[in-house]
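Chain by chain, the residues run as shown.
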Amino acid sequence: MADLTHLNADGGAHMVDVSAKADTAREAVAEGRISMSAEALAAIRAGNMKKGDVLGTARIAGIMAAKKTSDLIPLCHPLMLSKISVEFEYEAAAIRVEARVRLNGPTGVEMEALTAVSVSLLTLYDMAKALDKSMVISDIRLLSKTGGKSGDWHA
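These numbers were taken from a predicted model, which means no experiment stands behind them. (Residues numbered from 1 in each chain as written. Predicted model: local features only at pLDDT ≥ 70, side-chain atom pairs only at ≥ 80, totals over all residues. Heavy atoms only, no water.)

Q: An account of the pattern of salt bridges is requested, with residue identities and associated values reported.
A: Tallied over the full model, the rule gives 13 salt bridges. As a salt-bridge pair, E27 and R102 come within 2.4 Å of each other at their nearest N and O atoms. Here E27, found in strand 1 (residues 24-35), pairs with R102, found in strand 3 (residues 94-105); they are 75 residues apart in sequence, far enough to count as distant. A salt bridge links R96 to E31; its shortest N-O distance comes to 2.6 Å. You can see R96 sitting in strand 3 and its partner E31 sitting in strand 1, a full 65 residues away along the chain. Looking at R96, the relative accessible area reads 13%, which means it is buried. On the basis of relative accessibility, which here comes to 6%, the residue E31 falls in the buried class. Look at the salt bridges and you will find they share partners, linking E27, E31, E89, R96, E98, R100, R102 and R141 into a network. (Salt bridge = Lys/Arg side-chain N within 4 Å of Asp/Glu carboxyl O. Helix = DSSP H or I, 4+ residues; strand = E, 2+ residues; numbered from the N terminus. Buried < 20%, exposed > 50% of the residue type's maximum accessible area, 1.4 Å probe, protein only.)

Q: Any chance you could break down the environment of V136 for me, citing the residues and the numbers?
A: Looking at the secondary structure, you find V136 in strand 4 (residues 136-146). Filtering out sequence-adjacent residues up to four positions away, V136 remains in contact with R33, I34 and S35. (Contact = heavy atoms within 4.5 Å.)

Q: Account for the nonpolar core, with residues named and values stated.
A: Of all hydrophobic cores here, the largest spans 33 residues; its most connected members are M36, I44, F88, I95 and L124. Mapped onto this core, the elements with two or more residues apiece are strand 1, helix 1 (38-46), helix 2 (54-67), strand 2 (83-90), strand 3 and helix 4 (110-128). The residues contacting F88, other than those within four sequence positions of it, are L55, A58, R59, I95, R96, V97 and L124. (Core = buried A, V, L, I, M, F, W, Y, C linked by side-chain atoms within 4.5 Å.)

Purely spatial values, then, with no claim about function.
Okay, here's the thing in structure tokens:
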């Protein structure tokens, strides 16, 4: 098993020093889903939610969250992200969210992609909870990452 990079020699948490690492093109893709009632799903599809544009709001929330990941997750580096996209796909009883984050830099963007998905899903819940409080957020995971010393990885 690889060493845990966020622990120092004494086992204490620390921020990884990336100052000597070369900038490389990096990308991470993450996904998650929110299951809901047919009524809530139909209302979102039809654009009939009282709170307004559900998917548009969730997209903006995900983009904002990716940019603020270092404020939310201890030990994450503040990053100058070059691309963030959040897309939605309707499923039979759910909405799947996929986030793609890119940069040229010394560290990866996996946490930013996962944060974008998570906050987009929470926003979908918030926007539709009046119709369905039993929605379930699930399956948040990294699909792929490219670039960096460890190379490419795909689920």
